[in-house]
Every structure is written in C-alpha cells, then in structure tokens.
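Spelled out from the first residue to the last, the chains are:
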Amino acid sequence: MAFASPSLDVGAFPHSRSLLSKKARSPKLHHSQLGRIVVRSALREWKDYEDAVKRKDLAGALRLLKSMEEATEVAPLTGFSQLGLFGAETRRDWEVLDTCLNADDLRLVANAYAFLKNRGFLPNFGKFRNIVLEGPRHVTPNVLKASTGLEVSNFAPKKWGLSGSSQLAMITFLGGMSFLLWQGIDIRPNLAAILGLAFVDSTFLGGCCLAQISSYWPPHRRRILVHEAGHLLIAYLMGCPIRGVILDPIVAMQMGIQGQAGTQFWDEKMSNDLSEGRLDGTAFDRYCMVLFAGIAAEALIYGEAEGGENDENLFRRTCVLLQPPVSIAEMSNQARWSLLQSYNLLKWHKHVHRAAVKALESRCSLSVVIKRIEDAMSTDR
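Residues numbered from 1 in each chain as written. Predicted model: local features only at pLDDT ≥ 70, side-chain atom pairs only at ≥ 80, totals over all residues. Heavy atoms only, no water.

- As recorded by an unreviewed UniProt entry, the protein chain carries the name ATP-dependent zinc metalloprotease and is attributed to Parasponia andersonii.

## Digging into the confidence of the model for the protein chain
So, step 1. A residue-level look at the protein chain finds 64% of positions with pLDDT of 70 or above and a mean pLDDT of 76.
So, step 2. Mean pLDDT in the protein chain bottoms out at helix H1 (residues 14–25), which sits at 40, and peaks at helix H16 (residues 350–361), which reaches 97.
So, step 3. Contacts for the low-pLDDT stretch residues 77–88, under 50 throughout, to residues beyond four places or in other chains number 23 contacts.
So, step 4. In the model, residues 203–208 has pLDDT below 50 throughout and makes 8 contacts with residues more than four positions away in sequence or in other chains. (pLDDT = per-residue confidence, 0-100. Helix = DSSP H or I, 4+ residues; strand = E, 2+ residues; numbered from the N terminus. Contact = heavy atoms within 4.5 Å.)

## Quick word on the nonpolar core
So, step 1. Counting 87 residues, the largest nonpolar core has Tyr113, Ile370 and Ile373 as its most contacted members.
So, step 2. Viewed by domain, this core spans two of them, domain 1 (30–104) and domain 2 (141–159 + 215–379), each represented by three or more residues.
So, step 3. When neighbours within four sequence positions are excluded, Tyr113 is seen to be in contact with Leu97, Cys100, Leu122, Phe125, Tyr236, Pro241, Ile242, Leu366 and Ile370. (Core = buried A, V, L, I, M, F, W, Y, C linked by side-chain atoms within 4.5 Å. Buried < 20%, exposed > 50% of the residue type's maximum accessible area, 1.4 Å probe, protein only. Domains from an automatic or database assignment.)

## Overview of the pairing of strand S1 (residues 242–246)
The side chains of a regular strand alternate between both faces of the sheet.
So, step 1. Within S1, 5 of the 5 residues are buried, leaving the element largely enclosed by the surrounding structure.
So, step 2. Across 4 bridges, the pairing between S1 and strand S2 (residues 262–265) is antiparallel. Bridge pairing in S2 places Ile246 opposite Gly262. (Pairing = 2+ DSSP bridges.)

## Observations concerning the pattern of salt bridges
Should their charged atoms come close, side chains of opposite charge can pair.
So, step 1. If you walk through the whole model with that rule in mind, you get 11 salt bridges.
So, step 2. Here Arg55 ties to Asp57 by a salt bridge, and the two come within 3.4 Å at their closest N and O atoms.
So, step 3. Linking Arg286 and Asp267 is a salt bridge whose minimum nitrogen-to-oxygen distance equals 3.0 Å. Residue Arg286 is located in helix H12 (residues 281–291), and its partner Asp267 is located in the loop between S2 and helix H11 (268–275); the two are separated by 19 residues in the primary sequence. Each of the two residues, Arg286 as well as Asp267, counts as buried.
So, step 4. What emerges from the salt-bridge pattern is a single network uniting Arg223, Glu298 and Glu306. (Salt bridge = Lys/Arg side-chain N within 4 Å of Asp/Glu carboxyl O.)

## Section: helix H9 (residues 218–237)
So, step 1. Its 20 residues give H9 an end-to-end C-alpha distance of 28 Å, which sits within 8% of 28 Å, the value for a rise of 1.5 Å per residue.
So, step 2. Looking one or two residues beyond H9, the residue adopting positive phi is Gly239, at roughly 80 degrees. (Expected span 1.5 Å × (residues − 1).)

## Side note on the packing of H9 against helix H13 (residues 293–302)
So, step 1. With their axes 7 Å apart at the nearest point, H9 and H13 run at an angle of 125 degrees to one another. As judged from the angle between their axes, H9 and H13 are oblique. Remark: the crossing between H9 and H13 carries right-handed chirality. Between H9, through Arg222, Arg223, Val226, His227, Gly230, His231 and Ile234, and H13, the contact on the second element is made entirely by Ala293, Gly294, Ile295, Ala297, Glu298, Ile301 and Tyr302.
So, step 2. Grouping the amino acids of the contact of H9 with H13 by side-chain chemistry returns 7 nonpolar, 4 polar and 3 charged. (Axes fitted to C-alpha atoms, helices over the stretch in contact; angles between N-to-C directions. Parallel < 35°, antiparallel > 145°, perpendicular 65-115°, else oblique. Left-handed = near helix turned anticlockwise from the far one by under 90°. Nonpolar A, V, L, I, M, F, W, Y, C, P; charged D, E, K, R; others polar.)

## Description of a positive patch on the surface
So, step 1. Where like charges cluster on the molecular surface, the positive patch consists of Lys347, Lys350, Arg354 and Lys358.
So, step 2. The element that contributes the greatest number of residues to the positive patch is H16, accounting for 3 residues.
So, step 3. Its place among the elements puts Lys358 in helix H16.
So, step 4. The class for Lys358 is partly exposed, based on a relative accessible area of 47%. (Patch = residues over 30% accessible without salt bridge, like charges linked within 9 Å, V, L, I, M, F, W, Y side chains within 5 Å. Areas by Shrake-Rupley, 256 points an atom, 1.4 Å probe, with all protein chains shown as cover. Lys, Arg positive; Asp, Glu negative; His and termini not counted. Charge placed at Lys NZ, Arg CZ, Asp CG, Glu CD.)

Listed below in structure tokens is the structure:
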C-alpha cells in the first residue's frame, strides 16, 4: 500500500529542528539542555496522541506518530534515548488502529497500516499477498472435496432453522409451542404478535432484532466469531487494511452492513480499478479470498458453513462489474478457487485463527486483536 498521501502530509518536528539549528548557532546550548527540552516536547505530543486516540481521530493520531518518529531520530543526538521514552512508549503506536473504524477516508486507514509496517510492528501484514499467483486455477467440485474432504454443499450458507445449531433452536421452539397447545393453552394471540414483530424486524430492520437476540446464544455467537475471525485473518495476511470488526447487529445495521456482523476491509488496487471501470485479476482474487474466508473458516472448524449468504450476494454483485462479463460457470469456479485458497491458508494458520477468535470473544480492540495475530504468527513458525 502506498504510504504517501496529500491529506497526511505531516510537518516537521518543530521543536527538535529549531533547537538543533539554535545549537548550531550557539555552542553554549548543552546536549543535556537540548535533550530535556526535546523529551518534554515528546511527552506533550504523547499526551496529544492519547487524546486523538480517545477521540477516534485517525488523521490527528497518525500525524502525531509521524512527528514523534522524527523525535526518535533526534533522541540519540541528545543522549536521552536511554530514558526509554522512545522505546517502551512506541508500543502504544498500535493504538492508532483503534481509530480506523471512525475514518471516512479509507486511504488514511491504509496509511496507518503502512506506517506500522514500516516501523516493523506488522511483519506479517500482506505476507501472503502473492498467493493469488500460485496453484491451479480450475477447481472442480471433486478437486475441492479431494483437498478439503468436504462436499461443495458443506460450503453453501444455510437458511436459519434448516441446519446446525439454528435447526436445534427451531425444533426447540416448535416443540415448546406443541407442548403448550397440548396443555390446552391458547397461544394464538401471542404467536400472532411474535410473527408480526418478526415480519417488521425482517422487513424494516434487516432482521437485526432477531440477530441481536440470537447473538446471546453461546453456540451461535461462537460461530459468528469464527466466521468474522476468518475474514479478519485472511484480509490481514493478504495485505488488505482492516477498518474494523463489528459484532453487534444493531451497530452493523447503523453502519449499513447487511447481516448480523461484519468485517470492513479495503483493497486500494481494487478500489482504484473499480473507479476506472475495470478490474484487475489479482486484486479481484484477493478480494474474493477475503470475501469467502468466513465461509471457509466455518467449514474448517465445524465441517459446514451456516453464515455467509450476504458474502455470496456481494460476490455476485461484484462479478456483474467485471469486463468482459463472466459466465455462471466462471463465477462458480472463482468461488470454489477462493474457498480453497482461504481454507488452506486458514488450515496452515489454524493456531493464529484460534488466537483471533479468542481475542474477539474477549471483546478486545482491533489493535489488540492484530497484535495477538502477530504474536501467534511468531510462535507458529
């Protein structure tokens, strides 16, 4: 990702440069005096950085980080680097990622990841970006089964109540209703009210109320975490900046996300191609891998996928934009190829995916989740 951006053109570190120029003009200014002033200035900027993170001001936080990076270059000249100010404090650079969700300009999000990667904090960001250039392109249902041990139908999202834990919930609900009717209790008025509310929820609220209720059921919530951790990890390994992970259905609805949860990521190459009315193959491959990673994660952990219907719908809508248009057979092959690539990448890094799930389950911030991924990657080698 390109780091330079006109909107993030940061000015120089004013205190350090002006002081160094004064020192050059006046030999009476001692190194210790210069160092103390530089450190005081750096402390003020760290406080401003903390405030910017609390305000979720990505542009301000990133500007201050770049300014303080220049201070680290001045610190050795002053003899004050041994204070640890420019060592231990830089661990808080990670917190800039927690401001990404509120950023309207996704180029700022990309710049934040580029900054941290250049500083050495994100060595595995984009590590498998070129995987889209490897391996066979034609993936038949038999090839998918031979590679994963699963039928193609196991990767198909299921309607709620027709499989897995949702089927158990549906059976329990219907069994309860049958028991009440057998006891002679008239539940028709209550049932009519429930069905009416469900209709309003699905029609006007996108089903977020039912999703909010079902998200409190541990098995269902765990599956959501597995699904979103799949999106998050593959996006990270493919070098797609992650804006945030939304696990609250109501917040997801407010942000225009279809479904119970969502992981927002961005591919600059694909965005630029779409704005120019074209789509590069490698950018589209990366996008599809991230898109189908949630389904692949569920299939890897549970043996079949339940969620992901919105992911498939988004894939179809994106395929319509391709020039020349793709056939149904080509779309199906692209979907199977993407599923296989994501499935294998998650299988190779199952320990890392598990760490991401645990971090999301603990309601950790994005910066902590990314750090857990990096820690797991370092121990997974």
